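Working through the structure, step by step
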Amino acid sequence: MAAGLRAENLILMTDTKGLLRDKNDETTLIPSVHLNEVPRLKAEGVISGGMIPKVDCCVEAVRRGVKKPLSSTGG
């Protein structure tokens, strides 16, 4: 939808703290990810479970022209 609207930003609101290297340790937050890092992070299990569709949504938005996919936590 963001790409269709030609939005510059996408804000993804979730109930998680973001993408964590260790899902049980909030101090391992990964502040930014480049598109070329996503397959490796999936292979390593860093991006797994419910994070896969969220990250895939951001990847698709960037590929379609959205400049800044951002995450906002619900907590």
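Below is a summary of the structure that appears in this document. (Residues numbered from 1 in each chain as written. Predicted model: local features only at pLDDT ≥ 70, side-chain atom pairs only at ≥ 80, totals over all residues. Heavy atoms only, no water.)

Focus: the layout of surface pockets
- If you add up the space inside the second largest pocket, you get close to 180 Å³.
- Along its surface, the second largest pocket is lined by Thr 16, Lys 17, Gly 18, Leu 19, Leu 20, Lys 23, Glu 26, Val 46, Ser 48 and Met 51.
- A class-by-class count of the residues in the lining of the second largest pocket yields four nonpolar, three polar and three charged. (1 Å grid on protein atoms, 1.4 Å probe; cavity = no way out; pocket = protein on both sides within 12 Å on 5 of 7 lines; lining within 4 Å. Points joined across faces, edges and corners; volume = space filled by probe spheres on them. Nonpolar A, V, L, I, M, F, W, Y, C, P; charged D, E, K, R; others polar.)

Some thoughts on the environment of Gly 18
- Residue position: Gly 18 is located in the loop between β1 (9-14) and α1 (38-43).
- The buried category is assigned to Gly 18, whose relative accessible area is 16%.
- When the C-alpha positions of Gly 18 and Ser 32 are compared, they lie 9.9 Å apart, and in sequence the two are 14 residues distant. (Helix = DSSP H or I, 4+ residues; strand = E, 2+ residues; numbered from the N terminus. Buried < 20%, exposed > 50% of the residue type's maximum accessible area, 1.4 Å probe, protein only.)

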